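Single-letter residue listing:
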Amino acid sequence: MPKVDVYNMEGEIIGDIELSDGIFGVEANENAMHAVVKNQLANRRQGTQSTKTRSEVRGGGRKPYRQKGTGRARQGSIRAPQWIKGGVALGPKPRSYRYTVPKKVRRIAMKSALSTKVAGSNIIVLDTLALDEIKTKRIVAMLSKLDATGKTVLVVMKGKDEVVVRSARNIPGVKTAYVNTLNVYDILKHEKFIVTREAVGGIEEVYV
C-alpha cells in the first residue's frame with residue numbers, strides 16, 4: 001500500500017496514512033483517462049452554434065437573371081452558397097455533443113488519475129482543513145507552507161464547506177471540490193492534489 005505523509009495547515013508533518021492499493025496504487029491506464037477527459041469536455045459543450053442555410057437568409061426570392069442566353073452560369077437565387085451574402089452550405093446547427101462512457105472505464109480512469117498523483121509525489125494529505133472565518137490569506141499561507149504556491153492546486157474535501165470554498169475561490173489556479181464532485185479532468189489538470197484525511201476515506205468508500 002502506498003504510504004504518504006499527513007500534514008497540518010502549518011505545513012508540518014504530523015503522521016502518515018496508508019492509501020488503498022486498489023485506488024491510489026494502480027497502473028495508470030492512459031487510454032481510459034483520455035476517453036473520460038474527452039467525454040467530459042464534449043459534455044460541457046453548449047452546442048448552440050448555428051449558421052443560416054440558403055432558405056433562411058433574407059432575400060433571393062427572385063431569379064437574378066434569365067436561364068439562357070446570357071453566357072453566364074444559370075442561377076436561381078442570389079442567396080445560394082456561392083454568392084456573397086449567400087447561405088452557408090453544410091454549416092453547423094444546434095446539436096448536443098453529449099455521449100456516455102461505460103461506468104467501468106470511468107472507474108478505471110479515476111483510479112488511474114489518483115494513482116498518477118501518488119506516483120508523481122503530487123498528493124498532499126491534510127489532517128484537517130477548517131477556517132473560523134472567510135480568509136483568503138489563511139489559504140495562501142497554507143499553500144505556501146505546503147510548497148504549492150504558484151502551482152495549480154485542486155483542494156478536495158469530504159463535505160460542503162462554504163467558508164473554505166469562498167476563501168480559496170479568488171486565488172489564481174486554485175480550485176475546490178468535494179468527494180462527490182471529483183472528476184478525472186480536474187485531477188489531471190491541476191499539478192497538486194491536496195486532500196483531507198476525511199476525504200481520502202470518502203474516496204476509498206466510493207471507489208473500493
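Residues numbered from 1 in each chain as written. Predicted model: local features only at pLDDT ≥ 70, side-chain atom pairs only at ≥ 80, totals over all residues. Heavy atoms only, no water.

Enquirer: How should I be thinking about the overall build of the chain in this particular structure?
Expert: When helices and strands are tallied, the chain shows 7 helices and 6 strands. On the principal axes, the C-alpha backbone points of the chain span a range of 90 × 40 × 25 Å. The buried share of the chain, reckoned over its 208 residues, is 38%. Excluding contacts between residues fewer than 6 apart, the proportion of contacts in the chain whose partners are at least 24 apart in sequence is 67%. Computed over 37 positive and 20 negative side-chain charges, the inter-centroid distance for the chain is 26 Å. (Helix = DSSP H or I, 4+ residues; strand = E, 2+ residues; numbered from the N terminus. Buried < 20%, exposed > 50% of the residue type's maximum accessible area, 1.4 Å probe, protein only. Contact = heavy atoms within 4.5 Å. Lys, Arg positive; Asp, Glu negative; His and termini not counted. Charge placed at Lys NZ, Arg CZ, Asp CG, Glu CD.)

Enquirer: For this particular structure, what's the right way to read the pairing of strand 3 (residues 123-126)?
Expert: Neither face of strand 3 is open: one carries Ile123 and Val125, the other Ile124 and Leu126, and all of them are buried. The pairing of strand 1 (residues 3-7) with strand 3 spans 2 bridges and is parallel. Opposite Val6, over in strand 3, you have Val125 as the bridge partner. Looking at chain direction, strand 3 and strand 6 (residues 192-196) are connected through 4 bridges and run parallel. Directly across from Leu126, in strand 6, lies its bridge partner Thr196. (Pairing = 2+ DSSP bridges.)

Enquirer: Just to check I follow, could you spell out unusual backbone geometry for this structure?
Expert: With the exception of glycine, most residues fall at negative phi, and the peptide bonds are largely trans. Located in the positive-phi region is Leu90, a residue other than glycine, with phi close to 60°. You can see Leu90 is positioned in the loop between helix 2 (30-44) and helix 3 (103-119). The backbone of Asp147 shows a phi angle near 60°, a positive value even though the residue is not glycine. With respect to the helices, strands and loops of the structure, Asp147 is situated in the loop between helix 4 (136-145) and strand 4 (153-157).

Enquirer: Sorry if this is basic, but what is going on with the layout of surface pockets here?
Expert: Vacant regions in the atomic arrangement are exposed by a probe of water-molecule size rolled over the atoms. In this structure, the largest pocket encloses a volume near 280 Å³. Along its surface, the largest pocket is lined by 15 residues, and Val36, Gln40, Arg106, Leu182 and Asn183 are the ones closest to its centre. For the lining of the largest pocket, the secondary-structure elements that each account for two or more residues are helix 2 and helix 3. At 5 residues, the largest contribution of residues to the lining of the largest pocket is made by helix 2. (1 Å grid on protein atoms, 1.4 Å probe; cavity = no way out; pocket = protein on both sides within 12 Å on 5 of 7 lines; lining within 4 Å. Points joined across faces, edges and corners; volume = space filled by probe spheres on them.)

Enquirer: Would you mind going over the nonpolar core with me for this structure?
Expert: Side chains of nonpolar character tend, in soluble globular proteins, to be buried together. Counting 31 residues, the largest nonpolar core has Phe24, Leu114, Ile123, Leu182, Phe193, Val195 and Ile203 as the members making the most contacts within it. Among the elements that line this core, the one with the most residues is helix 3, at 5 residues. Dropping the residues within four chain positions of it, Ile203 is found in contact with Ile23, Phe24, Leu114, Val179, Leu182, Phe193 and Val195. Core analysis: the next-biggest nonpolar cluster, separate from the first, contains 20 residues, Leu129, Ala148, Val164 and Tyr178 among them. (Core = buried A, V, L, I, M, F, W, Y, C linked by side-chain atoms within 4.5 Å.)

Enquirer: It is not clear to me how the sheet that holds strand 5 (residues 174-178) should be interpreted in this structure. Could you clarify?
Expert: Two orientations exist for strands paired in a sheet by backbone hydrogen bonds: parallel and antiparallel. Spatial ordering of the open sheet is given by 2-1-3-6-4-5, a layout of 6 strands whose pairing is mixed. Looking at the sheet topology across the chains shown, the edges are occupied by strand 2 (13-18) and strand 5. Going across the sheet, the axis of each strand differs from the next one's by a mean of 30°, ignoring polarity. With 5 bridges connecting them, strand 1 and strand 2 associate as antiparallel partners. Paired with Asp5 across the bridge in strand 2 is Asp16. Relative to the sheet, helix 7 (residues 197-207) contacts strand 1, strand 2, strand 3, strand 4 and strand 6, its axis offset from that of strand 6 by approximately 95°. (Axes fitted to C-alpha atoms, helices over the stretch in contact; angles between N-to-C directions.)

Enquirer: Before we go on, may I ask you to explain the pattern of salt bridges in this structure?
Expert: Two side chains carrying opposite charge are able to pair once their charged atoms lie near each other. Tallying each qualifying case throughout the model produces 4 salt bridges. With a closest N to O distance of 2.7 Å, Lys93 and Glu56 form a salt bridge. Linking Lys93 in the loop between helix 2 and helix 3 with Glu56 in the loop between helix 2 and helix 3, this pair joins segments that are 37 residues apart in sequence. Measuring nitrogen to oxygen at the nearest pair gives 3.4 Å for the salt bridge that ties Arg197 to Asp127. (Salt bridge = Lys/Arg side-chain N within 4 Å of Asp/Glu carboxyl O.)

Enquirer: What's the story with the confidence of the model for the chain in this structure? I'm lost.
Expert: As a note on interpretation, predicted positions should not be read in detail where pLDDT is low. Summary statistics for the chain give a mean pLDDT of 93 and a share of 100% for residues scoring 70 or more. At the level of individual helices and strands, the chain shows its lowest average pLDDT in strand 1, which scores 89, and its highest in helix 2, which scores 96. (pLDDT = per-residue confidence, 0-100.)

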